Amino acid sequence: MTLYHFGNCVALVYVPYYLAYKQSGLSEYGAFWKCVQAGMIYMFTQLAKMMVLATFFPDNVEDLGSDFIGEFLKYTVDLADLVGLYFVLSGIPGKGHSKVLTAGIGWATAEVILSRALLLWVGARGAEFDWIYIQKCLESSVLLVQHIATATLVWLWSRHNLNQNLKTVVTILLVLSCYKPLLIESLLQILRFSPWLVLVVKGAFTMLYALFTLTIYAGLAQVIGIY
């Protein structure tokens, strides 16, 4: 039973990533090693963020005045993820859709391996069943959509032919992507939702974020003929 639960969790986490890679057509472009490179840049970016947090932020966030201010400053470090994605996109040749999918899937896969593999191996193989591992696995699919949308926004921001008004919207969405976890967690802490409802709220926010991104991308593709 323990091994069966562990297998279910692994499938819930990694099958959506595999299907996204295969069904997006990236395998036909030979983008596997580009995804690996994106994952390597992700790991380097996280290492740099950890060094910044350890150097400039105290262990006790109350030293900064309040929990919210301390967490806000910590999430500001996540702006480094946008820089990392920019470098990933800069190193990927090809059309717009292949660039953003390669960067997004590679980045998200590296994150899910580093953040979920040990958690599932240690926790999901336990003698007692716990729904928290199923929730974490489903949340991984939400993060996949989030990272692809963020990679798309970074690519749109780097375009010189993007309308200035749209570029302002893209910039706002990029900044929001860094602080979204803090805003959602603060809201949910006030509302005191159940874990499953929390997952639904996170999924709804991410889908709304992705729909805005897709609308901007589709508009630019129609105007200048990129795909």
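Computed from a predicted model, the values in this text were never measured in an experiment.

Colleague: Give a detailed account of the overall build of the protein chain, specifying residues and quantitative values.
Modeller: Broken down by element type, the protein chain carries 8 helices and 0 strands. Classification of the 227 residues of the protein chain by burial places 41% in the buried group. Taking the contacts inside the protein chain whose residues are at least 6 apart along the sequence as the reference set, 76% of them involve residues at least 24 apart. When the accessible surface of the protein chain is split by element, carbon and sulfur atoms take 69% of a total near 13000 Å².

Colleague: Outline the nonpolar core, supporting the account with residue identities and numerical values.
Modeller: Of all hydrophobic cores here, the largest spans 28 residues; its most connected members are Ala103, Leu153, Trp155, Leu156 and Val170. Mapped onto this core, the elements with two or more residues apiece are helix H2 (32-56), helix H4 (79-90), helix H5 (96-124), helix H6 (131-158), helix H7 (164-191) and helix H8 (195-224). Per-element tally for this core: the top contributor is H6, with 6 residues. In this view, valine 170 contacts Leu153, Leu156, Trp157, Leu162 and Ile216; residues no more than four positions away in its chain are not counted. Core analysis: the second largest hydrophobic core is formed by 19 residues, Phe6, Ala31, Ala108 and Leu120 among them.

Colleague: Mind laying out H2, listing which residues take part and the relevant values?
Modeller: Taking 1.5 Å of rise per residue, the 25 residues of H2 would be expected to cover 36 Å, and the 36 Å separating its terminal C-alpha atoms lies within 8% of that figure. Buried within H2 we find Cys35, Ala38, Gly39, Tyr42, Thr45, Gln46 and Lys49.

Colleague: Which residues make up the packing of H4 against H6, and what are the values?
Modeller: Two elements in contact, H4 and H6, have axes whose closest approach is 9 Å; the angle formed by their N-to-C orientations is 70°. As the angle between them shows, H4 and H6 are arranged roughly perpendicular. Only Thr150, Ala151, Val154, Trp155 and Ser158 of H6 make contact with H4, whose side of the interface consists of Leu82, Leu85, Tyr86 and Leu89. By residue class, the composition of the contact of H4 with H6 is 7 nonpolar, 2 polar and no charged.

Colleague: Outline the packing of aromatic side chains, listing residues and values.
Modeller: The final tally for this structure, using the stated rule, is 4 aromatic pairs. Considering the side-chain rings of tyrosine 42 and tryptophan 107, the 5.1 Å spacing of their centres and the 85° angle between planes classify their relative orientation as edge-to-face. Taken as a pair, tyrosine 42 in helix H2 and tryptophan 107 in helix H5 lie far apart in primary sequence, 65 residues in all. Residue classification places tryptophan 107 among the buried residues on the basis of a relative accessible area of 1%. Seen in terms of ring centroids, tyrosine 86 and phenylalanine 87 are 6.1 Å apart; in terms of plane orientation they differ by 75°. Their pairing is edge-to-face.

Colleague: Describe in detail the side chain of serine 98, supporting the description with residues and values.
Modeller: For serine 98, the position within the fold is in helix H5. Non-local contacts of serine 98, meaning those with residues more than four positions away in its chain, are made with Leu26 and Pro93.

Definitions and limits used
Residues numbered from 1 in each chain as written. Predicted model: local features only at pLDDT ≥ 70, side-chain atom pairs only at ≥ 80, totals over all residues. Heavy atoms only, no water. Helix = DSSP H or I, 4+ residues; strand = E, 2+ residues; numbered from the N terminus. Buried < 20%, exposed > 50% of the residue type's maximum accessible area, 1.4 Å probe, protein only. Contact = heavy atoms within 4.5 Å. Areas by Shrake-Rupley, 256 points an atom, 1.4 Å probe, with all protein chains shown as cover. Core = buried A, V, L, I, M, F, W, Y, C linked by side-chain atoms within 4.5 Å. Expected span 1.5 Å × (residues − 1). Axes fitted to C-alpha atoms, helices over the stretch in contact; angles between N-to-C directions. Parallel < 35°, antiparallel > 145°, perpendicular 65-115°, else oblique. Nonpolar A, V, L, I, M, F, W, Y, C, P; charged D, E, K, R; others polar. Phe/Tyr/Trp six-rings, centres within 6.5 Å; stacked < 30°, edge-to-face > 60°.

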